Amino acid sequence: MYSSPQNLVIGAVATVSAAAVAAWLSNSFWLWVAAAVLAIVATVRIVAALGLSPDADRNSTTLLEVTYEIGAFSYALALGVTAAYTIYVDSLAQVQVLMVANALGYGVGVTARNAGRPTIAIGQLTFSCLPIAIIGFVTMEPAYVALSATILLLIPAQSLIARRIFSELRDSVASANANAELAAKMEELARTDVVTGLANRAGLNHAMLEELMAADADTRLALVWIDLDRFKEVNDLLGHPVGDRVLNEVGRRLDAIVPAGSTVARFGGDEFIVFGPVPDPQAAELLASEIHAEIMRPFRLDGERLEVRASLGVALSPDNGIDADTLMQSADLALYHAKVGGRSQTCFFDSSMTRDLVRRREIEHELRTALQRDELSIFFQPIVDLETGRIRTFEALVRWFHPEKGELTPDEFIPVAEETGVIVTLGNWITVQAARIAANWPEEVTVAVNLSPLQIRAPGAALGIKNALREAGLDPRRLELEVTESLFIEDNHATARFIEELSDIGVRFALDDFGTGYSSLGYINSFPFSKIKVDRSFVSGAQVGKKSNAIIRAVAEMGTQLGMDIVAEGLETIEQVQAVRSAGCNLGQGYYFSRAVPDYLAAMLLAQERENGARQASA
């Protein structure tokens with residue numbers, strides 16, 4: 001009713017003008033008075049419509065409705081009485097037609113316009129038309145009586161129309177409100193994680209966009225990206241319902257400790273993100289520390305104690321990005337470095353991380369290309385029997401001779417291969433090449449291949465080893481797979497299945513770099529290791545001395561009792577060879593015997609060994 005006051009202006013001008021023309025044609029004082037009354041009421045209504053905004057909080061619905069009713073009923077009654085007066089005083093025919101048409105047209109028109117309030121619509125219709133009907137019956141003239149009868153039929157007919165319009169309007173408004181509520185609810189659901197009740201990725205993006213758009217030059221925001229370490233083991237060992245409860249509890253803890261105004265979101269899987277304002281970088285460090293400590297606090301689920309660890313990457317705005325994408329990339333890079341650095345730690349973004357990432361991506365791309373173009377080579381370093389001096393095993397080592405950059409060391413590309421998953425393809429390729437070459441050696445010489453934990457966990461890992469042996473025609477007993485101690489910390493169950501499946505066909509396993517990780521006699525006893533390789537740091541490192549010699553002796557004695565070979569790595573001098581031999585090691589590896597050599601030189605070493613053996617036999 002108040003949304004379009006121009007309708008009131010148009011209607012007022014039309015009816016007041018009609019009344020003025022009627023007064024002028026009739027030269028009637030009372031019609032001039034009627035025209036003046038209509039003009040005054042119309043003016044008051046227009047002023048009220050312009051002054052009372054339906055959007056203003058001070059204007060209640062009741063005030064607006066009552067004000068409109070008073071003006072509408074007054075104006076309709078004035079117009080109806082004026083039209084009835086022209087009939088009563090028997091004015092000129094054209095005057096009667098002019099006023100009656102205006103009154104009836106006004107009444108019919110407002111019926112539809114104001115159908116949203118049927119009482120007002122029907123009231124205006126009645127006040128503008130009923131005076132005419134009454135006067136028509138009073139005159140008792142057939143034409144006026146017929147007009148009055150028509151008006152009496154018109155009023156209920158238009159009332160029905162008004163109520164029908166009102167009903168449809170009411171249903172439409174109710175439907176629109178329901179749709180709006182449903183849309184709002186759907187929007188909220190679309191931005192909410194179903195497991196934790198926190199914001200999901202869409203909700204986080206929405207919150208970040210609003211926060212960043214509202215931020216000024218002095219606003220500092222922190223984005224903390226949280227990745228739960230080895231959470232897959234929780235799902236695999238305890239089941240997804242327990243995993244969901246852990247996620248729920250992590251979300252609850254995060255929501256309880258973050259500053260006011262922050263957004264906590266489950267970004268997907270086992271990743272969470274906290275985003276919100278911080279006063280300074282020190283506050284961001286404190287927040288990250290609190291988050292880390294809160295997540296690592298032990299859980300109690302159904303009476304069971306469960307520990308969860310997490311890696312955190314932190315980026316700050318505007319220092320590390322002023323838009324959501326850049327800030328997310330910075331935090332992701334920081335998280336990447338936290339996981340590469342050993343997990344369960346927090347890293348803040350630094351610009352050097354971007355350069356490092358570019359370098360790693362370049363290596364990743366070139367490594368994939370190198371595998372396709374056969375730019376990689378397999379070198380072999382002998383493992384020698386310290387009693388006889390004969391070669392017992394060759395360890396297969398990958399070498400990369402880049403056509404432009406020259407030789408790239410394994411320390412440069414192996415970590416990148418592990419981080420990007422290329423290690424699976426690379427490891428399988430090394431195994432295939434090593435097995436193919438070893439098939440041409442004497443039967444008593446074995447080949448050792450290093451395995452990455454990622455390669456072991458890859459689907460069909462054991463099948464890949466079996467296929468490599470079958471294609472090369474190599475006896476499984478001539479293959480040794482070297483694994484590190486960290487493998488058992490990462491995923492004991494997958495490792496156990498892998499080792500068991502290959503041990504059943506004769507493949508042997510060696511424990512590499514013993515003494516540098518989580519050394520445990522438990523898994524030495526649990527898994528069928530045939531060889532332990534003592535790390536070079538005990539042989540040629542800076543800490544070599546009585547303690548390291550004692551450790552070597554203890555490991556050698558253990559190996560002897562368990563029927564295992566003990567390999568001393570990093571032998572470079574005759575003194576070191578004599579020391580580890582006297583300590584009980586029966587095998588040695590290092591530059592003293594030979595560096596890693598191409599396959600043809602490995603074959604030459606074996607040929608020379610056979611010739612020397614033949615001469616000694618002849619002698």
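Quick caveat: nothing in here was measured; it's all calculated off a predicted structure.

(A) Inspection of the overall build of the protein at higher detail. Assigned secondary structure in the protein consists of 23 helices and 17 strands. The globule rule puts the C-alpha radius of gyration for 619 residues at 25 Å, and the 46 Å found for the protein is more than 25% above it. Taken over 619 residues, the protein has a buried fraction of 46%. In the protein, of all internal contacts separated by at least 6 residues, the share reaching a separation of at least 24 is 67%. Across the protein, the centroid of the 51 positively charged side chains sits 3 Å from that of the 75 negatively charged ones.

(B) The arrangement of the packing of helix H21 (residues 546-562) against helix H22 (residues 574-583) in detail. Contact pair H21 / H22: the axes reach a minimum separation of 8 Å and the direction vectors enclose 50 degrees. When the interaxial angle is binned, H21 and H22 end up oblique. The residues of H22 that touch H21, namely those facing Ile 552, Arg 553 and Ala 556, are Val 580, Ser 582 and Ala 583. Here the contact of H21 with H22 is built from residues that sort into 4 nonpolar, 1 polar and 1 charged.

(C) Representation of the nonpolar core within the structure. Membership of the largest hydrophobic core comes to 69 residues, with the highest contact counts inside it found for Phe 380, Leu 426, Trp 441, Leu 481 and Phe 498. If one sorts the elements of this core by residue count, helix H14 (residues 422-438) sits on top with 9 residues. Ignoring sequence-local partners within four residues, the contact set of Trp 441 consists of Phe 380, Phe 394, Thr 446, Val 447, Arg 478, Ala 602 and Leu 606. Counting 39 residues, the second-largest nonpolar core is a separate cluster that includes Ala 19, Ile 46, Met 99 and Ile 151.

(D) Representation of the sheet that holds strand S7 (residues 346-348) within the structure. Pairing is mixed in the open sheet, where 5 strands are placed in the order S2-S3-S1-S6-S7. With one partner strand each, in any of the chains shown, strand S2 (263-268) and S7 form the two edges of the open sheet. With direction set aside, neighbouring strand axes in the sheet form an average angle of 20 degrees. Relative to strand S3 (residues 271-277), strand S1 (residues 221-228) runs antiparallel, the two being bridged by 7 bridges. Each residue of the ladder has a partner; that of Leu 221, found in S3, is Pro 277. Each of S1, S2 and S3 is contacted by helix H9 (residues 240-257), which is oriented at about 10 degrees to S3, the strand it contacts most.

(E) Highlighting unusual backbone geometry. Cis geometry is adopted by the peptide bond preceding Pro 318, which originates at Ser 317 and carries an omega value of 10 degrees. Take Pro 318: it is sitting in the loop between strand S6 (310-317) and helix H11 (324-340). Positive phi values are uncommon outside glycine, yet Asp 90 reaches one of about 55 degrees. With a relative accessible area of 58%, Asp 90 lands in the exposed category.

(F) Structural view of the pattern of salt bridges. Scanning the entire structure with this criterion turns up 21 salt bridges. The partner of Asp 193 in a salt bridge is Arg 266, and the shortest N-O contact between them spans 3.2 Å. Residue Asp 193 is found in the loop between helix H6 (142-190) and helix H7 (201-214), and its partner Arg 266 is found in strand S2; the two are separated by 73 residues along the sequence. With a closest N to O distance of 3.1 Å, Glu 366 and Lys 405 form a salt bridge. Of this pair, Glu 366 sits in helix H12 (residues 351-373) while Lys 405 sits in the loop between strand S9 (391-402) and strand S10 (406-408), and the two are 39 residues apart along the sequence.

(G) Spatial organisation of the pairing of S1. S1 sits mainly inside the fold: 8 of its 8 residues count as buried. Because side chains alternate across S1, one face comprises the buried residues Leu 221, Leu 223, Trp 225 and Asp 227, and the other comprises Ala 222, Val 224, Ile 226 and Leu 228, equally buried. Looking at chain direction, S1 and S6 are connected through 8 bridges and run antiparallel. By the bridge assignment, Ile 226 is partnered in S6 with Leu 312.

(H) Expanded view of the pairing of S2. Burial of S2 is extensive: 5 of the 6 residues sit out of reach of the surface. Where S2 and S3 come together, 5 bridges link them in antiparallel fashion. Looking at S3, one finds that Thr 263 is bridged to Phe 275. Where S2 folds back onto S3 in an antiparallel hairpin, the turn is made up of 2 residues, including Gly 269, whose phi is positive at roughly 60 degrees.

(I) A look at the environment of Glu 611. Within the element layout of this structure, Glu 611 appears in helix H23 (residues 599-618). For Glu 611, a relative accessible area of 43% gives the class partly exposed. Between the alpha carbons of Glu 611 and Glu 404 there is a distance of 40 Å; along the sequence they are 207 residues apart.

(J) Structural view of the packing of aromatic side chains. Summed over the entire model, instances satisfying the criterion amount to 11 aromatic pairs. A centroid spacing of 5.6 Å and a plane angle of 55 degrees characterise the contact between Tyr 75 and Tyr 106, whose relative ring orientation is tilted. Here Tyr 75 is found in helix H3 (residues 61-88), whereas its partner Tyr 106 is found in helix H4 (residues 93-113), with 31 residues between them in sequence. Judged by centre distance (6.0 Å) and plane angle (40 degrees), the ring pair of Phe 379 and Phe 401 falls under tilted. Taken together, the residues span a long stretch of sequence, with Phe 379 in strand S8 (residues 376-385) and Phe 401 in strand S9 at a distance of 22 residues. Taken together, Phe 380, Phe 394 and Trp 441 form an aromatic cluster joined through their ring pairs.

About the thresholds
- Residues numbered from 1 in each chain as written.
- Predicted model: local features only at pLDDT ≥ 70, side-chain atom pairs only at ≥ 80, totals over all residues.
- Heavy atoms only, no water.
- Helix = DSSP H or I, 4+ residues; strand = E, 2+ residues; numbered from the N terminus.
- Rg over C-alpha atoms; globule rule 2.2 N^0.38 Å.
- Buried < 20%, exposed > 50% of the residue type's maximum accessible area, 1.4 Å probe, protein only.
- Contact = heavy atoms within 4.5 Å.
- Lys, Arg positive; Asp, Glu negative; His and termini not counted.
- Charge placed at Lys NZ, Arg CZ, Asp CG, Glu CD.
- Axes fitted to C-alpha atoms, helices over the stretch in contact; angles between N-to-C directions.
- Parallel < 35°, antiparallel > 145°, perpendicular 65-115°, else oblique.
- Nonpolar A, V, L, I, M, F, W, Y, C, P; charged D, E, K, R; others polar.
- Core = buried A, V, L, I, M, F, W, Y, C linked by side-chain atoms within 4.5 Å.
- Pairing = 2+ DSSP bridges.
- Salt bridge = Lys/Arg side-chain N within 4 Å of Asp/Glu carboxyl O.
- Phe/Tyr/Trp six-rings, centres within 6.5 Å; stacked < 30°, edge-to-face > 60°.

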